[in-house]
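Results of the structural survey
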Amino acid sequence: ITIIFKSYPDCTDQKVYQAVTDDLPAAFVDGTTSGGDGDSKTLRIIEKVSGKHVEMHARYIGTTVIVRQHGNYLTLAIRMPEELAMAYEESQDLQLCMNGCPSSERIDEGGHLRFPATVNTPPSSSPSQARSAYTLESAVDKCLEKFQVRHIYFHSCVFDLLTTGDANFTAAAYSAWEDVEGLHPRKELWQIFPNSGSGNSCEAQALPAVVLGLVCLVLVAFL
C-alpha cells in the first residue's frame, strides 16, 4: 500500500507512507510521524497495535486512513470529504472511493469472479492445509462467532472462507465492520444490509456476498 499526502500550503510538506506484508511501519518513508509546523501537527500517524494497526489523521483535509494487517493481507479503510473524493481528473480512472474495484475484479451476483481465482499460500503451509476448505455450513458457523447480524461484512466473511480457507479473513471482515462503526459519520446512511427477497436460506444469503476490500497493492494520493 502506498499513500501520498501531497504538499499543502501552510499545512504540510508532501508525505509518503508505504506498507507491505509484515512491514506496517508507524512512520512515513522519511522517518517522520507527523506533518505541519510547530505544535500544530495537521498530519499524524498513530500506531494502535504494533505491526498490525496504524492510523493516519489528516486534519487539514478532514481525512482518516486506517491500515491493518491480518495474516498475509493488508486492509485499508478511508474516511474523507465527498468533495475531496470527487476531485479527480477523467484520466485518473482508478478511483476506489467512487467507483469501487475494477470490473474485472468484481464478483457477480452468482458469486463468480471474471478470472480464475488462485490462492497463494505461505511457504510454511503444507499441501493438506492448502487444500483444506470450509463448507457453507462451517463457514457460516465460523463467521457467526464474530457477527450476530448478517450484513455484507458477515457475507464477505463467509465468501472469503469458502474461496480461500484462510481463517484470517474472519478477523479482517470484523475489523472492516469496526472501521465502519468508527469512521462513518451517519449510521442511518449505512448501506451494509443486502437487499434480498429470496427467503431465509443461508445459501441464498451467502452467494451474493460483497467482497471485503483486501489489498496487496494500492496507491492513494490526496490532493
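Below or above, wherever it landed, is the structure these notes cover. (Residues numbered from 1 in each chain as written. Predicted model: local features only at pLDDT ≥ 70, side-chain atom pairs only at ≥ 80, totals over all residues. Heavy atoms only, no water.)

Topic: the overall build of the protein
Convention followed: The secondary structure listing takes helices from DSSP runs of H or I that are at least 4 residues long and strands from runs of E that are at least 2 residues long, numbered from the N terminus. Partly exposed describes any residue whose relative accessible area lies between the buried limit of under 20% and the exposed limit of over 50%, with all areas from a 1.4 Å probe on protein chains only and scaled to the type maximum. Between two residues, a contact is recorded if the distance between any of their heavy atoms is within 4.5 Å. The Shrake-Rupley method, run with a 1.4 Å probe, gives the accessible areas here. Residue values count only the displayed protein chains as cover.
Regarding its fold elements, the protein presents 7 helices and 9 strands. Evaluated residue by residue, the protein yields a buried proportion of 35% over its 223 residues. Here the contacts in the protein between residues at least 6 apart in sequence split such that 49% fall between residues at least 24 apart. Roughly 13300 Å² of accessible area belongs to the protein as shown, and the carbon and sulfur atoms make up 50% of that amount.

Comments concerning the packing of aromatic side chains
We apply this condition: Between 30 and 60 degrees the pair is tilted, below 30 it is stacked and above 60 it is edge-to-face, where a pair is any two Phe, Tyr or Trp rings, Trp via its six-membered ring, whose centres lie within 6.5 Å. Remark: a charge is flagged as sitting over a ring if the NZ atom of Lys or the CZ atom of Arg is within 6 Å of the ring centre and within 35 degrees of the ring normal.
As enumerated under the stated definition, the model contains 6 aromatic pairs in all. Geometry around Y174 places K146 over its ring, the cationic atom sitting 5.1 Å from the centre.

A short note on the packing of helix α5 (residues 152-164) against helix α6 (residues 168-183)
Our working rule: For helices, the axis comes from a line fit to the C-alpha atoms of the stretch in contact; other axes are also lines fit to C-alpha atoms, and the angle between any two N-to-C directions lies between 0 and 180 degrees. The cut-offs work like this: below 35 degrees is roughly parallel, past 145 is roughly antiparallel, 65 to 115 is roughly perpendicular, and the gaps in between are oblique. Rotating anticlockwise by less than a right angle from the far helix to the near helix defines a left-handed crossing, while the corresponding clockwise rotation defines a right-handed one.
Running from N to C, α5 and α6 point in directions that differ by 160°, and their axes come no closer than 9 Å. Judged on the interaxial angle alone, α6 and α5 are roughly antiparallel. Both α5 and α6 take part in a crossing whose hand is right-handed. Only F169, T170, A173, A176, W177 and V180 of α6 make contact with α5, whose side of the interface consists of Y153, C157, D160, L161 and T164.

A short note on α6
Going by this rule: A helix is expected to reach a length of 1.5 Å times the quantity of its residues less one.
A rise of 1.5 Å per residue sets the reference length of α6, with its 16 residues, at 22 Å; its end C-alpha atoms lie 22 Å apart and thus fit the reference within 8%. Within α6, burial applies to F169, T170, A172, A173, S175, A176, W177, D179, V180 and L183.

Things to note about the pattern of salt bridges
So the rule is basically this: For salt bridges, the criterion is a side-chain nitrogen of Lys or Arg within 4 Å of an Asp or Glu carboxyl oxygen.
Within this structure, the stated rule accounts for 3 salt bridges. Between K15 and D30 there is a salt bridge, with the nearest N and O atoms lying 2.9 Å from each other. Here K15 is found in strand β2 (residues 15-18), whereas its partner D30 is found in the loop between β2 and β3 (34-35), with 15 residues between them in sequence. What makes D30 partly exposed here is its relative accessible area of 44%.

What to know about the nonpolar core
One broad rule of soluble globular proteins: the nonpolar side chains tend to lie buried together. Inclusion rule: We define the nonpolar core as a collection of buried residues of types Ala, Val, Leu, Ile, Met, Phe, Trp, Tyr and Cys that are connected through side-chain atoms lying within 4.5 Å of one another.
Within the largest apolar cluster, 19 residues are counted, with the highest numbers of intra-cluster contacts made by I3, F5, Y17, M56 and V67. Elements that contribute at least two residues to this core include exactly β1 (2-5), β4 (43-49), β5 (53-58) and β6 (63-70). The leading source of residues in this core is β5, at 3 residues. Counting residues in each nonpolar core, the second largest holds 16 residues, with A139, Y153, F154 and A173 among its members.

So, the state of the cysteines
How we decide: The disulfide criterion is simple: two cysteine sulfur atoms within 2.5 Å.
Here the structure, examined in full by the defined rule, presents 1 disulfide. Residue pairing for C143: its cysteine sulfur links by disulfide to C157, the two sulfurs lying 2.0 Å apart. Between C143 and C157 the disulfide shows an S-S torsion of about -90°. By sign, it is left-handed. Taken together, the positions of C143 in helix α4 (residues 136-144) and C157 in helix α5 put the pair 14 residues apart, joining distant regions of the chain.

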